[in-house]
Amino acid sequence: TERELFVCTHGKRDQCCGKFGYPIYDELGRQYAHPSGGKIKVWRVSHTGGHRFAPTLIDFPDGTYWGRMDLEYLHTFMEQRGSLEGVRARYRGWSGLDPMAQIVDLEMLLREGWEWLRRRRTVKDLGESPDGGTRFSIRYQNSDGNWSEALAEVQEKDRVMTLLSSGPGERCARTRYQVIFPG
């Protein structure tokens, strides 16, 4: 197996996962898993977290979390080539990082392109900046085998009202962040 995809289809936990997750699971099976001869496997799972981003999935062996997946974007996601339009709305981050570092990981994906997901990388929390943000060092291996480093700072951008899940419920305030690359 070269790739395994875990799609949340648990409608009892969150209605949107059942309603929107199953068509994603079904399409992945028909268009990618079945023709792959076992190189791609698709699994229905009951919980991947982040139901307000339904439908959600986890892509292994990369260990990346995705949300708000739709049938129109599925081919771009599977091929991971070409335009990065739509990535910001769907990429939730690499499982090897804490949530603040995942914000930096998204920005690096947008800067470096799809190849970013296959690069060896480490992200180190450098602590609080004088501006109150959190600084990070990102070390990553380039396609030529050499290592590069980028510095980034995650800062609060603003607060927005949102639902915690996709069913009925009260809205609550959540912080949105921005990433600054110095220099």
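Up top is the structure these notes are about.
Parameters and conventions
Residues numbered from 1 in each chain as written. Predicted model: local features only at pLDDT ≥ 70, side-chain atom pairs only at ≥ 80, totals over all residues. Heavy atoms only, no water. Helix = DSSP H or I, 4+ residues; strand = E, 2+ residues; numbered from the N terminus. Rg over C-alpha atoms; globule rule 2.2 N^0.38 Å. Buried < 20%, exposed > 50% of the residue type's maximum accessible area, 1.4 Å probe, protein only. Axes fitted to C-alpha atoms, helices over the stretch in contact; angles between N-to-C directions. Parallel < 35°, antiparallel > 145°, perpendicular 65-115°, else oblique. Left-handed = near helix turned anticlockwise from the far one by under 90°. Contact = heavy atoms within 4.5 Å. Phe/Tyr/Trp six-rings, centres within 6.5 Å; stacked < 30°, edge-to-face > 60°. Lys NZ or Arg CZ within 6 Å of the ring centre and 35° of its normal. Pairing = 2+ DSSP bridges. Expected span 1.5 Å × (residues − 1). Bend = angle between axes of the 7 residues up to and from the residue. Core = buried A, V, L, I, M, F, W, Y, C linked by side-chain atoms within 4.5 Å.

A closer look at the overall build of the protein
Each helix and strand in the protein was counted, giving 4 helices and 9 strands. Whereas a compact globule of 183 residues would reach a radius of gyration of roughly 16 Å, the protein reaches 17 Å, a difference of no more than 12%. Referenced to the eigenvectors of the C-alpha coordinate spread, the extents of the protein come out at roughly 50 × 50 × 25 Å. The burial tally for the protein puts 40% of its 183 residues in the buried class.

Brief notes about the packing of helix H1 (residues 15–33) against helix H2 (residues 71–79)
Where H1 contacts H2, the axes come no closer than 11 Å and their chain directions differ by 50 degrees. When the axes of H1 and H2 are compared, the pair comes out oblique. Regarding H1 and H2, the two cross each other, and that crossing is right-handed. Residues Pro23, Ile24, Glu27, Leu28 and Tyr32 of H1 form the contact with H2, whose own contacting residues are Leu71, Leu74, His75, Met78 and Glu79.

So, the packing of aromatic side chains
Summed over all chains, the structure comprises 7 aromatic pairs. Taking 5.7 Å as the distance between ring centres and 50 degrees as the angle between the ring planes, the aromatic pair formed by Tyr22 and Tyr25 counts as tilted. A residue pair is termed a helical-turn pair when its members lie 3 or 4 positions apart in one helix, as Tyr22 and Tyr25 do in helix H1 at 3 residues. On the basis of relative accessible area, Tyr25 is assigned to the partly exposed category, the value being 23%. Here the aromatic residues Trp66, Phe77, Tyr91 and Trp114 are joined through ring pairs into a cluster of three or more. In this arrangement the basic side chain of Arg3 is found over the ring face of Phe77, its NZ or CZ atom lying 5.1 Å from the centre. The ring of Tyr73 is capped by Arg90, whose NZ or CZ atom sits 4.1 Å from the centre of that ring.

Considerations on the pairing of strand E6 (residues 121–128)
Summarising the sheet, E6 and strand E7 (residues 134–141) pair through 7 bridges and their orientation is antiparallel. Note that in E7 the partner of Val123 across the bridge is Ile138. In textbook terms, the turn of a hairpin is the stretch between consecutive antiparallel strands, and for E6 and E7 this stretch comprises 5 residues, one of which, Gly132, has a positive phi near 90 degrees.

Quick notes on H1
Every α-helical turn comprises 3.6 residues, leaving residues that sit three or four positions apart pointing alike. Here H1 is 19 residues long and its end C-alpha atoms lie 25 Å apart, about the 27 Å a rise of 1.5 Å per residue gives. Gly21 marks the point of greatest bend in H1, at about 35 degrees, and the proline Pro23 comes within the next four residues. Taken together, the buried positions of H1 are occupied by Cys16, Cys17, Gly21, Ile24, Leu28, Gly29, Tyr32 and Ala33. In this fold, the buried residues of H1 make contact with strand E1 (3–8), strand E2 (40–45), strand E3 (57–60) and H2.

As for unusual backbone geometry
Pro61 follows Phe60 through a cis peptide bond whose omega is 20 degrees. Within the secondary structure, Pro61 is located in the loop between E3 and strand E4 (64–66). For Arg68, which is not glycine, the phi torsion reads 50 degrees and is therefore positive. Residue position: Arg68 is located in the loop between E4 and H2. Even without being a glycine, Gln80 presents a positive backbone phi close to 45 degrees. For Gln80, the location among the structural elements is in the loop between H2 and helix H3 (87–90). The class of Gln80 is buried, set by a relative accessible area of 6%.

Brief notes about the nonpolar core
Formed by 35 residues in total, the largest nonpolar core has its most connected members in Leu28, Leu57, Phe77 and Ile138. For this core, the elements supplying multiple residues, two or more each, are E1, H1, E2, H2, strand E5 (91–94), helix H4 (99–112), E7 and strand E8 (147–163). The element contributing the most residues to this core is H4, with 5 residues. Apart from residues lying up to four places away in sequence, Leu28 is in contact with Leu5, Val7, Ala33, Val42, Leu57, Leu74 and Met78.

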